[in-house]
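Structural features, examined
Now for the letters of each chain:
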Amino acid sequence: MKNIIYSLFVVLSFTTMSFAQEKSEIALSQGKQELFDSKESGVYEFTLVGQTSESIAKSASYYTQYFTVAFDDNSGIATITMVENDKKSRAVIMRFLTAAGARHVDIDGTIVSVNEFMVDYL
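Described in the following lines is the structure provided in the data block. Everything quoted here is computed from the prediction, not taken from an experiment. (Residues numbered from 1 in each chain as written. Predicted model: local features only at pLDDT ≥ 70, side-chain atom pairs only at ≥ 80, totals over all residues. Heavy atoms only, no water.)

1. Topic: the pairing of strand β4 (residues 77–82)
The two faces of the sheet receive side chains in turn, since in a regular strand these alternate between them. Let me state the cut-off plainly: Partly exposed describes any residue whose relative accessible area lies between the buried limit of under 20% and the exposed limit of over 50%, with all areas from a 1.4 Å probe on protein chains only and scaled to the type maximum. Strands here are runs of E lasting at least two residues and helices are runs of H or I lasting at least four, both read from the DSSP assignment and numbered beginning at the N terminus. Strand pairing follows a simple DSSP-based rule, namely that at least 2 bridges must link the two strands.
Burial along β4 is one-sided: the residues Ala 78, Ile 80 and Met 82 are buried and none of Ile 77, Thr 79 and Thr 81 is. Pairing geometry for strand β2 (residues 43–48) and β4, over five bridges, is antiparallel. Residue pairing for β4: Val 43 is matched across the bridge by Thr 81. Strand direction decides the pairing type here: strand β3 (residues 67–72) and β4, joined by six bridges, are antiparallel. Across the sheet, Ala 70 pairs through a bridge with Thr 79, a residue of β4. Where β3 hands over to β4, the hairpin turn is made up of four residues, of which Gly 76 adopts a positive phi near 75°.

Here it is in structure tokens:
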């Protein structure tokens, strides 16, 4: 009995730790409708957990010909403004998200990979 309880505790601990690490790999979008509106306007907002202004500025510095990024440390919101709002430039957002540590995007509670995000929403 002791071994079963101990085993369950260990499994639960590992599950909790892996979830905590994964949360910083998820960019939170403003929602499906806002993403479609952003495609028209060229302004995107994502909440990036565990990032700093310095790390975001470093990641964004590679893509200045495509977009600018303003990051608010308090809220964790990165606002991406497209220089030229075309398909190629929007696809580069995926590379920025990956450089910023995001591997997935949360869209209205549904988590998709950045690749799926690019194909379906950019």
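2. Focus: the pairing of strand β1 (residues 26–29)
Examined bridge by bridge, β1 and strand β5 (residues 104–107) share three bridges and lie parallel to one another. Residue pairing for β5: Leu 28 is matched across the bridge by Asp 106. Two strands pair when backbone bridges link them, and β1 and β2 are joined in this way by three bridges, in the antiparallel orientation. Across the sheet, Leu 28 pairs through a bridge with Thr 47, a residue of β2.

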